[in-house]
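The lines below spell out each chain.
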Amino acid sequence: MATAAPLEVDVAVVGGGMVGASLAAALAGSGRSLLLVESVPLGAAAQPSFDERTTALGNASRRIFEGLGVWGDIAPEAAAIRAIHVSEAGRFGFARLEAAAQGIDAFGYVAANRRIGAALWRRLAAAPDLKLRVPARAQDIDIAAGRVRFTVLGADGAAATVSARLVVAADGAHSQIRAAAGIAADVEDYDQVAVVASVAADRPHQECAFERFTAEGPLAVLPLYDGNFAVIWACRPAHAREVLALDDVAYLARLQQQFGWRAGRFVRASRRGSYPLQLTRASTTVGARTVLIGNAAQALHPVAGQGFNLGLRDAAMLAELIVNAAGDVGAPDLLATFSAWRARDRAGVVRFTDGLVKLFADRRPGVPLLRNLGLLMFDLAPPAKSALARVSLGFGGPAPRLARGLPVRHV
Ligand SMILES: Cc1cc2nc3c(=O)[nH]c(=O)nc-3n(C[C@H](O)[C@H](O)[C@H](O)COP(=O)(O)OP(=O)(O)OC[C@H]3O[C@@H](n4cnc5c(N)ncnc54)[C@H](O)[C@@H]3O)c2cc1C
């Protein structure tokens, strides 16, 4: 039981994964007192956010990272996506998008989560006004009208009480803060498991990302800076178990059979990892002195690589409201503005990713044919392609200043 006087802060961020660490980096130096609590240290094998995965970052995310001063650290190991190829297994239709034809340099960039984590945490370690508690868990959360109190329990068993004006839930899809705030979450199981790996092919990737829809789920093959590909293959759970048990040669053969030869012959594979896929949606993103961001607010299917990009826009917008607030950072009007400004982007991305998964899972007679005609028409229709190319700025509502390349603070 903690007995000393509580640690008083303006903002307590619970969860220092991809989104929480980004928020802390955006708030560092803002003049607000700030605490970040993370239960699993960077580099630990069990770190659930900065693990072996890679993340496709859209152009808005790149601009946000530039604004946070971390892009320079990530860019040397990020691969540009300059073409996207979308197809469906066993069907004729496909679409190919070229960044140059859209008047942009790249659709986005693929970077290793570990590299993103290293860049963010290097930035946080140098921040003067940030208190870090790692590894430590936030628990026993008590939300009152004026403050939020909780216990920070260190890995060494030491406990301390924190009192914050605002608590930010960046603690992932199974958020404890969300539960403590009494905010319900809707969970829909996709009955799919993503099997991820990095594979080498016998020819260069030419900066092309592939999304192939199979009967069981989407299969993404993304370029990596070292010339290899990141593979994110969504399978039915029983098939995923089978794929995970295959040796490298059998895995590569199974992958090749599903994906085809458009990226060349797959010749080497890393160890495989797996992620059960669900859509988790909080009923609201704000409660009394509480804000939910990233996976705590919405955890999506990885199709089209939208989850982190959306969560990073949550973080950028929240940072903007906090940095520019004159008074209490937990005031209801600030929280209501956050919720309203993020609503359209959030709803749009959820609809887009969920719709895409369900559209390609639909096996009713005639639907696959229509879908393929859709892909073909999409390939032939420049306005549709341009609309998709703009997707990375967000799906509506005000875009955060950082995403537009502006400083977080109004001048
Ligand atoms: C296979 C796969 C591929 C993906 N690819 C992409 C992609 O290409 N592009 C994209 O935009 N998105 C992608 N995503 C989505 C992306 O990974 C998530 O959106 C992102 O991880 C969300 O980050 P987060 O910080 O909100 O949550 P998390 O990553 O879940 O991090 C939560 C953090 O909180 C900590 N924590 C939890 N509870 C506590 C507590 N009580 N006290 C202290 N700390 C706590 C955890 O240790 C963790 O570090 C992918 C997802 C999957 C599954």
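The numbers attached to residues start from 1 for each chain and follow its sequence in the written order. For this predicted model, a pLDDT threshold of at least 70 governs which residues receive local features, and a threshold of 80 or more governs which side-chain atom pairs are given and counted, while totals over whole chains, interfaces and linings are taken from all residues. Remark: hydrogens and water are excluded; side-chain values derive from all non-hydrogen atoms of the structure.

## Some words on the overall build of the protein chain
The following threshold applies: Segments assigned H or I by DSSP are reported as helices when at least four residues long, segments assigned E as strands when at least two residues long, and all are numbered from the N terminus. Computation of the radius of gyration draws on C-alpha atoms, with the globule rule given as 2.2 Å multiplied by the number of residues to the power 0.38. Each residue is placed in one exposure class: buried if its accessible area under a 1.4 Å probe, protein chains only, is under 20% of its type's maximum, exposed if it is over 50%, and partly exposed if it falls in between. Note on areas: Shrake-Rupley, 1.4 Å probe, and residue coverage restricted to the protein chains presented here. When charges are tallied, Lys and Arg are placed among the positive residues and Asp and Glu among the negative ones, while His and the ends of the chain are skipped. Where a charge lies is defined by one atom per residue type: Lys uses NZ, Arg uses CZ, Asp uses CG and Glu uses CD.
The number of helices and strands found in the protein chain is 11 helices and 20 strands. Since a compact globule built from 411 residues should have a radius of gyration of about 22 Å, the 21 Å found for the protein chain is in line with a globular shape. Expressed along its principal axes, the backbone C-alpha trace of the protein chain runs to roughly 65 × 45 × 40 Å. Within the protein chain, the fraction of its 411 residues that count as buried is 52%. Carbon and sulfur atoms provide 56% of the accessible area of the protein chain, an area that totals close to 17200 Å². Looking at the protein chain, you have 44 positive and 36 negative side-chain charges, and the mean spots of the two groups are 3 Å apart.

## A closer look at the packing of helix 8 (residues 307–323) against helix 9 (residues 332–361)
Note the cut-off: Axes, fitted as lines to C-alpha atoms, cover a helix only where it is in contact. Angles between the N-to-C directions of the axes lie from 0 to 180 degrees. Geometric relationships in this document are graded by angle, where less than 35 degrees denotes roughly parallel, more than 145 denotes roughly antiparallel, 65 to 115 denotes roughly perpendicular, and other angles denote oblique. Crossing handedness is read from the near helix: turned anticlockwise from the far helix by less than a right angle, it gives a left-handed crossing, and turned clockwise, a right-handed one. Whether two residues are in contact is decided by their heavy atoms, any of which lying within 4.5 Å being enough. Amino acid classes used here: Ala, Val, Leu, Ile, Met, Phe, Trp, Tyr, Cys and Pro are nonpolar; Asp, Glu, Lys and Arg are charged; the rest, including Gly, are polar.
Close contact between helix 8 and helix 9 brings their axes to 10 Å; oriented N to C, the two are set at 160 degrees. Relative to helix 9, helix 8 is oriented roughly antiparallel. Read as a crossing pair, helix 8 and helix 9 show a hand that is right-handed. Where helix 8 approaches helix 9, its residues Leu310, Arg313, Asp314, Met317, Leu318, Leu321 and Ile322 are matched on the opposing element by Leu334, Thr337, Phe338, Trp341, Arg342, Asp345, Arg346 and Val349. Classifying every residue of the contact of helix 8 with helix 9 by side-chain character gives nine nonpolar, one polar and five charged.

## Some words on the pairing of strand 11 (residues 159–169)
Here is the rule: At least two DSSP bridges between two strands are needed for those strands to be called paired.
Summarising burial for strand 11: eight of the 11 residues are buried, a large majority. Examined bridge by bridge, strand 10 (residues 148–154) and strand 11 share six bridges and lie antiparallel to one another. Bridge assignment links Phe150 to a residue of strand 11, and that residue is Val162. The turn joining strand 10 and strand 11, which pair antiparallel and follow one another in sequence, is formed by four residues; a positive phi near 95 degrees is taken by Gly157.

## Observations regarding the nonpolar core
Where we set the bar: Here the nonpolar core consists of buried residues drawn from Ala, Val, Leu, Ile, Met, Phe, Trp, Tyr and Cys, with membership extended through side-chain atoms lying within 4.5 Å.
With 57 residues, the main nonpolar core has Leu23, Phe65, Ile74 and Ile293 as its most contacted residues. Broken down by element, this core gets its largest block of residues, 10 residues, from helix 8. Those residues in contact with Ile74 that sit more than four places away from it in its chain are Phe65, Ala111, Arg115, Ile116 and Ala119. Formed by 27 residues, the second largest nonpolar core is a distinct cluster that contains Val196, Leu277, Val350 and Phe360.

## A few points about helix 4 (residues 113–125)
This is how it is decided: Here, expected helix span is obtained from the residue count minus one, scaled by 1.5 Å.
For helix 4, with 13 residues, the first-to-last C-alpha span of 18 Å sits near the 18 Å given by 1.5 Å per residue. Of all the positions in helix 4, only Asn113, Ile116, Gly117, Ala119, Leu120, Trp121 and Leu124 are classed as buried.

## Regarding the sheet that holds strand 4 (residues 79–81)
The three strands lie next to each other as 3-7-4, forming an open sheet whose pairing is antiparallel. The open sheet terminates on both sides in strands that have one partner only, identified here as strand 3 (54–58) and strand 4. If you compare each strand with its neighbour and ignore which way they point, the axes differ by 30 degrees on average. Pairing of strand 4 with strand 7 (residues 108–112) involves three bridges; the strand directions are antiparallel. If you follow Ile81 over to strand 7, its bridge partner there is Gly108.

## A look at the site of the ligand
Rule in force here: Nearness is judged by heavy atoms alone; a residue qualifies as near a molecule or strand once a single heavy atom is within 4 Å of it. In protein, a polar contact means a hydrogen-donor-capable atom and an acceptor-capable atom, both N or O and within 3.5 Å, with residues adjacent in sequence counting only if both atoms are side-chain atoms; elsewhere, any N or O pair within 3.5 Å suffices.
Close contacts around the ligand come from 32 residues, with Glu38, Ser49, Ala56, Asn295 and Phe308 the closest. The backbone of Met18 places a nitrogen or oxygen atom 3.3 Å from an oxygen atom of the ligand. A distance of 2.6 Å separates an oxygen atom of the ligand from a polar side-chain atom of Glu38. Isolated, the ligand exposes 1000 Å² of accessible area, and the fraction of that covered by the protein chains is 91%. The set of elements that each furnish at least two residues to the shell around the ligand consists of helix 1 (18–27), strand 3, strand 9 (136–143) and helix 8. Of the residues belonging to the shell around the ligand, the class tally is 14 nonpolar, 14 polar and four charged.

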